[in-house]
Each structure stands twice: as C-alpha cells, then as structure tokens.
Amino acid sequence: MFRTAIAGSLPKPSWLAETRKLWPQWRAQGEDLAQAKLDATRLWIKAQEDAGLDVIGDGEQSRQHFVHGFLEQVEGIDFDHKVEMGIRADRYKAMVPQVVASLRLKGRVHEAEARFLRANTRKQIKFTLPGPMTIVDTVADRFYGDRVKMAMAFAELLNQEALALQADGVDIIQFDEPAFNVYMAEAAQWGVRALERAAQGLTCRTAVHICYGYGIQANIDWKKGLGHEWRQYEAVFPALAASSIDQVSLECIHSHVPPELMALLKGKDVMVGVIDVASDQVETPEEVAETIGKALQFVPRHRLIACTNCGMAPMSRELAEAKLRALAQGAALAAQRLG
Ligand code: ZN
C-alpha cells in the first residue's frame with residue numbers, strides 16, 4: 001500500500017571506486033570502467049528488488065559525484081583548472097570546475113545506465129539529475145556573472161537530457177536540490193522556476209529531492225547549529241505546491257523538521273524520509289512504520305512514498321543493503337497496521 005523508493009545514490013563496490021568517499025577515484029579505466037559501472041548497477045538493481053522496493057534506481061553507480069557526473073558532459077566548463085570554493089553557503093570547501101564559456105551539452109549524459117536500468121527491471125524506474133540551483137552552487141562562474149542566468153542555462157541542458165531519459169523509458173525523473181535548504185528565499189524566487197524549466201515538456205513523473213545533505217561530518221555539524229526546529233522547507237514548499245513538479249522528497253526520521261510542514265505540499269506525492277542516512281544504526285520496521293504513521297497525519301495515504309532521507313553513497317554496502325530491507329519491511333508493517 002505504501003510505495004517505496006530510495007532518494008538516489010548507493011555505495012560503490014570497492015572494485016568500482018574508492019569506498020566511503022563523496023568524490024571517489026575510479027578503480028578502472030576505459031572499457032573496463034564502463035563495464036564495471038554497469039556490473040555495479042546490476043548488483044544494486046537486484047538488491048533493491050530483493051529488498052522489495054517498488055521504484056528502482058541505478059544507485060548513481062556511473063557517476064563520480066551527483067553534480068559532477070552531469071557536468072563532465074557539458075561544454076564550456078574547465079575541469080583542468082579547478083578552484084577551491086565554499087559551497088552551500090560556505091558549509092564546506094570543495095575543488096570545483098569553472099564555467100568559462102557558453103554552456104552546451106557534448107552529447108548524452110546518462111544514456112548507457114538509463115537504458116541498462118530499463119532493460120534489467122520490470123519495475124518503475126527513477127533517474128536522478130542535479131537541480132539547476134545546486135549545480136550553480138557547485139561550480140565557479142567566470143562567464144555568466146549572474147546566478148539566475150547561469151541556472152537557466154543549466155536548466156536548458158538538464159531539460160535536454162531529461163527528455164532523452166524519458167525516451168529511454170524512465171518513469172520518474174528527479175532533480176536533487178539540497179541548495180533549496182540553504183538559499184530558501186532564492187529557491188522560492190527563482191530556484192523553483194529553474195527547476196520547472198528543467199522539467200519542461202516531460203510527461204513522465206517529475207520529482208525534486210530536498211535534503212540536509214549526506215551523512216558526512218560537515219553536514220552533521222551544520223545540522224547541530226540549526227536549532228530544535230528545522231523550518232527551511234516552509235519557505236519553498238508553497239512554491240513547489242504551486243509548481244508543475246509531481247513529487248517532493250524530504251527528510252523526516254531523526255530530523256528536526258516539524259512534520260506538519262508536509263501539509264504545505266497539497267496535491268503532491270510526498271517521498272517521506274523514513275531511513276536515516278547519517279546513522280550506522282539500522283532502523284527497525286517498527287521505527288519506519290511509526291515515521292510513516294506520523295507523516296500520515298499530514299499526507300494522504302495514496303500520496304505517501306516511503307523513502308530514504310538522502311543518498312547512501314558514503315555508507316558501507318552491508319549497511320545500505322540492511323537499510324533497504326528495513327525500508328521495505330517497515331512500509332509493509334505500516335500497511336498492515338494502518339491499512
Ligand atoms: Zn540528499
């Protein structure tokens with residue numbers, strides 16, 4: 001009764017890339033690397049199906065990082081001269097590439113893994129792309145001189161790839177916008193507009209994932225300073241409710257997000273985070289069912305999709321697999337109890 005899905009990323013096997021890193025180095029090159037990426041994708045398709053999830057993703061096995069995987073196929077970006085930049089309002093420093101010319105796609109970005117995913121499961125498939133505002137916050141601008149202009153340029157490219165992914169057979173296209181939780185006013189002013197540009201013309205389901213980041217130390221420290229009530233979603237949810245985007249993914253379990261903020265997403269499917277990605281503790285099905293119960297006070301049952309709080313890339317494989325099982329078991333328990 002309650003559908004289940006993951007936010008996006010899953011850990012990469014140690015034979016594919018360095019483990020427990022957000023920007024891991026690949027372990028192979030050329031043809032071997034291309035094959036290894038698809039092998040890892042197959043492994044996670046099976047793990048998600050075995051766990052009993054309803055919506056299957058590629059676990060982002062083919063991209064080094066959720067933003068830079070896309071950027072690598074964009075012309076106008078200088079990857080050879082990366083610069084250090086404070087990102088997410090200076091929460092952490094990263095070496096980022098620079099935008100140096102008008103942006104253009106070199107070709108398809110995720111064709112191989114999207115088609116592979118489609119060919120290897122009969123379930124609904126979801127594919128993730130970085131959102132325009134988050135991209136803008138993860139590159140250095142030496143060309144546009146205006147965040148909104150650059151975001152709209154990226155949105156056009158994202159739209160081209162999204163339309164192609166839809167043609168590949170993808171059922172749900174999700175844009176990841178953690179930056180919405182950092183620049184709340186700008187998100188409402190133009191972030192949602194850029195997102196809609198990226199999703200323009202899509203007839204498949206569209207989604208946006210807004211989180212408080214991966215379970216890395218910089219994010220854990222940041223969250224400690226956010227106070228006992230996290231109301232960031234309050235600024236952007238009304239704009240999203242009025243938008244063309246179908247689904248919204250948010251953090252719930254172990255967060256300080258007041259659950260009543262979910263009521264602001266009237267008319268949208270809500271992907272409720274019932275799995276904590278910043279904890280090594282595997283949730284019990286009871287805990288997951290309880291979180292679903294809490295969300296049900298504010299989200300109609302047919303709109304509720306049980307999900308992870310964020311991606312699981314920096315985790316161990318064993319832990320991620322255990323959390324996939326907890327997600328499906330908890331959703332089944334909730335259906336039994338609350339159905
Ligand atoms: Zn996230």
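Look up: the structure comes first, before these words.
Residues numbered from 1 in each chain as written. Predicted model: local features only at pLDDT ≥ 70, side-chain atom pairs only at ≥ 80, totals over all residues.

Peer 1: In this structure, what is going on with the overall build of the protein chain? I would like to understand it.
Peer 2: Each helix and strand counted, the protein chain has 10 helices and 11 strands in total. For the protein chain, the C-alpha radius of gyration of 19 Å lies close to 20 Å, the compact-globule estimate for 339 residues. Taking the principal axes of its C-alpha atoms as reference, the protein chain extends roughly 55 × 45 × 40 Å. Considering the protein chain as a whole, with its 339 residues, one finds that 47% of them fall into the buried category. Long-range pairs, those at least 24 residues apart, make up 77% of the contacts in the protein chain with a sequence separation of at least 6. (Helix = DSSP H or I, 4+ residues; strand = E, 2+ residues; numbered from the N terminus. Rg over C-alpha atoms; globule rule 2.2 N^0.38 Å. Buried ≥ 20, exposed ≤ 12 C-beta atoms within 10 Å, placed from the backbone. Contact = placed C-beta atoms within 7 Å.)

Peer 1: What is the right way to look at helix H3 (residues 111-120) in this model?
Peer 2: It helps to recall that an α-helix has 3.6 residues per turn; residues three or four apart then point in one direction. Within the sequence span of H3, burial applies to Glu113, Ala114, Phe116 and Leu117. The arc that holds the buried residues of H3, viewed along the axis, is 165 degrees, so those residues lie on one side. Against the buried residues of H3 lie helix H1 (30-51), strand E5 (124-130) and helix H5 (147-167). (Arc of directions from axis to C-beta.)

Peer 1: Whenever I open this one, the sheet that holds strand E9 (residues 247-250) confuses me. Can you help?
Peer 2: What holds strands together in a sheet is hydrogen bonding between their backbones, with the strands either parallel or antiparallel. Taken in spatial order, the 8 strands line up as E1-E11-E10-E9-E8-E7-E5-E2 in an open sheet, and their pairing is parallel. Edge positions in the sheet fall to strand E1 (3-4) and strand E2 (55-56), since each of these pairs with one other strand and no more. Relative to strand E11 (residues 304-308), strand E10 (residues 269-275) runs parallel, the two sharing 5 bridges. In the sheet register, Met271 faces E11, and the bridge partner there is Ile305. Against the sheet, H5 contacts E5 and strand E7 (172-176), and its axis sits at roughly 170 degrees relative to E5. (Pairing = 2+ DSSP bridges. Axes fitted to C-alpha atoms, helices over the stretch in contact; angles between N-to-C directions.)

Peer 1: Is there a simple way to think about the environment of Lys266 in this case?
Peer 2: Turning to its location among the elements, Lys266 is positioned in the loop between E9 and E10. Overall, the presence of 15 C-beta atoms within 10 Å leaves Lys266 in the partly exposed class. Sequence separation between Lys266 and Tyr92 is 174 residues; the distance between their C-alpha atoms is 34 Å.

Peer 1: Which parts of the structure should I look at to understand the environment of Met85?
Peer 2: Structurally, Met85 can be placed in strand E3 (residues 74-87). In this structure, the C-alpha to C-alpha distance between Met85 and Val139, residues 54 residues apart in sequence, is 8.2 Å. Other than its neighbours up to four places away in sequence, Met85 contacts Ala94, Val96 and Ala140.

Peer 1: I would appreciate a short explanation of the sheet that holds strand E6 (residues 140-141) in the present structure.
Peer 2: As summarised here, the arrangement of the 3 strands in space is E3-E4-E6, forming an open sheet in which the pairing is mixed. The strands lining the two open edges of the sheet, one partner per strand, are E3 and E6. Examined bridge by bridge, E3 and strand E4 (residues 92-105) share 9 bridges and lie antiparallel to one another. Each residue of the ladder has a partner; that of Ile87, found in E4, is Tyr92. Across the face of the sheet, H5 comes into contact with E3, E4 and E6 while running at roughly 75 degrees to E4.

Peer 1: Hey, could you run me through unusual backbone geometry in this one?
Peer 2: Phi is mostly negative for residues that are not glycine, and the peptide bonds are mostly trans. At Arg20, a position not held by glycine, the phi torsion is positive, near 60 degrees. Summarising the element assignment, Arg20 is placed in the loop between E1 and H1. With 13 C-beta atoms packed within 10 Å, Arg20 lands in the partly exposed category. One non-glycine residue with positive phi stands out, namely Asp90, at about 70 degrees. Along the chain, Asp90 falls in the loop between E3 and E4. What makes Asp90 exposed here is the crowd of 9 C-beta atoms within 10 Å.

Peer 1: How should I be thinking about the pairing of E4 in this particular structure?
Peer 2: Looking along a regular strand, one sees the side chains alternate between the two faces of the sheet. Counting the residues that bridge the hairpin from E3 to E4 gives 4 residues, and of these Arg88 lies at a positive phi of roughly 50 degrees. As judged from the 2 bridges shared by E4 and E6, these two strands associate in the parallel manner. Counted as the bridge partner of Gln98 is Ala140 from E6.

Peer 1: Looking at this structure, how should I read the environment of Lys37?
Peer 2: Note on placement: Lys37 falls in helix H1. Judged by the 22 C-beta atoms lying within 10 Å of it, Lys37 is buried. When sequence neighbours within four positions are dropped, the list of residues in contact with Lys37 reads Leu16, Gln61, Ser62 and Glu113.

Peer 1: Mind showing me how you'd approach the packing of H1 against helix H10 (residues 317-338) here?
Peer 2: For any two helices packed against each other, one specifies the inter-axial angle together with the distance between the axes. Running from N to C, H1 and H10 cross one another at 35 degrees; their axes reach a closest spacing of 8 Å. The two elements H1 and H10 cross, and the hand of that crossing is right-handed. Where H1 approaches H10, its residues Ala47, Gln48 and Ala51 are matched on the opposing element by Glu321, Leu324, Arg325, Leu327 and Ala328. Classifying every residue of the contact of H1 with H10 gives 5 nonpolar, 1 polar and 2 charged. (Left-handed = near helix turned anticlockwise from the far one by under 90°. Nonpolar A, V, L, I, M, F, W, Y, C, P; charged D, E, K, R; others polar.)

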